[in-house]
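The chain contents come next:
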Amino acid sequence: MRLLDRRNWWIVLLLNFITLGLFTFYIGKLLRVYKKDAWYANKYYWILGIIFMIPFMIMFLVFYIQTVTAVSKKLGLFGYQVYSLPYPWILGVIVPIIGWAVFGVLYIYVSLFYAFRLAKGAGEDYLKK
């Protein structure tokens, strides 16, 4: 199945809902957004994170946000100049109430709306022929 095809965008959106956003990691693999020398490729960080559970959850959230912003940037989702920087995410976590609301909206935006970019044909350039 060609998930990056224009007519299969609804399947991506449905799988994203069913897996609670974890399907984004597969889309990231299809779009080749992962780097071999990045921090998330080092297994020792993950082992240490699993030993101490709270760092693992934070690492996983940062890895997810990094993946979904890279996917959204590659597909040309509107506003990638803002959400691909770490500063809005950090401010959203630090500033109470308003920042948390903005963090939530930004999180939902980048987690779901890349599927709508697939509906407009943004992923067809990355299909293997």
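Definitions and limits used
- Residues numbered from 1 in each chain as written.
- Predicted model: local features only at pLDDT ≥ 70, side-chain atom pairs only at ≥ 80, totals over all residues.
- Heavy atoms only, no water.
- Helix = DSSP H or I, 4+ residues; strand = E, 2+ residues; numbered from the N terminus.
- Salt bridge = Lys/Arg side-chain N within 4 Å of Asp/Glu carboxyl O.
- Buried < 20%, exposed > 50% of the residue type's maximum accessible area, 1.4 Å probe, protein only.

**Student:** Can you tell me about unusual backbone geometry, naming the residues and giving the values?
**Tutor:** Notably, Arg-32 is not glycine yet its phi reads approximately 60 degrees, a positive angle. One can find Arg-32 in the loop between α2 (24-31) and α3 (43-51). One non-glycine residue, Ile-97, adopts positive backbone phi at about 55 degrees. Within the secondary structure, Ile-97 is located in the loop between α6 (86-94) and α7 (98-112).

**Student:** Please give an account of the pattern of salt bridges that cites residues and values.
**Tutor:** This structure, assessed with the given rule, holds two salt bridges. Note that Arg-7 and Asp-5 form a salt bridge whose closest N and O atoms lie 2.8 Å from each other. Where Arg-6 meets Glu-124, a salt bridge forms, and the shortest distance between an N and an O atom there is 3.7 Å. With Arg-6 in the segment before α1 (9-18) and Glu-124 in the segment after α8 (114-119), the pair connects residues that are 118 residues apart, well separated along the chain. Residue Glu-124 is classed as partly exposed on the basis of its relative accessible area, which comes to 25%.

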